[in-house]
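Structural characterization, general
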Amino acid sequence: MSTIGSVSAAQVAAAQSAATQNTTSQNTGSSQSGLSAKMLEKIRQSAVDFEGVTIGEMLQPMFDTIDTSSGLFGGGAAEAQFRSMQVLELGKQIANNGGIGLADSVYRQMLSMQETAQQEKTQQKKADHDA
């Protein structure tokens, strides 16, 4: 199983802990990196969704080579039309049940990008305030 669940849980716990500690001074509900628990969960889910789509795209060629039209339960044109949605859902299910580890890397990269953007925003506000 992928480690994204444990990474996310630890960061969500840190964000919630920081939120309770910062109620008197800042009351923003953010972790040390400035990301809220809700934002961390949204980023985690986006990474898993990305992995699901990627897995679906990798599986698509495999399903394109299967000819079910001559089988007893061949679906014909309707099956061919809905095959891409079936493969996409299969990819989502694989990603939601641990995946291939791609979501972990995507999650870490997205966190890094969010933290960098927030730091730049904070520096810009400080520079505007000082000017």
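Small disclaimer: the values here were computed from a predicted structure and weren't measured.

All right, on to the packing of helix H2 (residues 37-64) against helix H3 (residues 76-96) then. Put simply, H2 and H3 touch, their axes get as near as 7 Å, and they point 130° apart. As the angle between them shows, H2 and H3 are arranged oblique. In this structure, the crossing between H2 and H3 has a hand that is right-handed. The segment H2 lies against H3, with Gln45, Val48, Glu51, Gly52, Val53, Ile55, Gly56, Leu59, Gln60 and Phe63 engaging Arg83, Ser84, Val87, Leu88, Leu90, Gly91, Lys92, Ile94, Ala95 and Asn96. Residue composition of the contact of H2 with H3, by class: 10 nonpolar, seven polar and three charged.

It is worth spelling out the pattern of salt bridges at this point. Counted according to the given criterion, the structure contains two salt bridges. Between glutamate 41 and arginine 44 there is a salt bridge; the shortest N-O distance is 2.7 Å. With glutamate 41 and arginine 44 both in helix H2, this residue pair falls three residues apart, about one helical turn. Residue class for arginine 44 comes out buried when judged on its relative accessible area of 17%. For lysine 92, the salt bridge is made with glutamate 89, and the minimal N-O distance between the two is 3.3 Å. Taken together, the positions of lysine 92 and glutamate 89, both in helix H3 and three residues apart, correspond to about one turn of that helix.

Tracing the sequence through the fold places glutamine 60 in helix H2. Ignoring any residue separated from it by four or fewer positions in sequence, one finds glutamine 60 in contact with Arg83, Ser84 and Val87.

A few words on the confidence of the model for the protein chain. In the predicted model, the protein chain carries a mean pLDDT of 77, and the fraction of residues at 70 or more is 73%. Contacts of residues 1-7 to residues separated by more than four positions or lying in other chains number 11 contacts, the stretch itself having pLDDT below 50. Within the model, pLDDT remains below 50 along residues 18-32, and this stretch shows 14 contacts once partners closer than five positions in the same chain are excluded.

Conventions used here
- Residues numbered from 1 in each chain as written.
- Predicted model: local features only at pLDDT ≥ 70, side-chain atom pairs only at ≥ 80, totals over all residues.
- Heavy atoms only, no water.
- Axes fitted to C-alpha atoms, helices over the stretch in contact; angles between N-to-C directions.
- Helix = DSSP H or I, 4+ residues; strand = E, 2+ residues; numbered from the N terminus.
- Parallel < 35°, antiparallel > 145°, perpendicular 65-115°, else oblique.
- Left-handed = near helix turned anticlockwise from the far one by under 90°.
- Contact = heavy atoms within 4.5 Å.
- Nonpolar A, V, L, I, M, F, W, Y, C, P; charged D, E, K, R; others polar.
- Salt bridge = Lys/Arg side-chain N within 4 Å of Asp/Glu carboxyl O.
- Buried < 20%, exposed > 50% of the residue type's maximum accessible area, 1.4 Å probe, protein only.
- pLDDT = per-residue confidence, 0-100.

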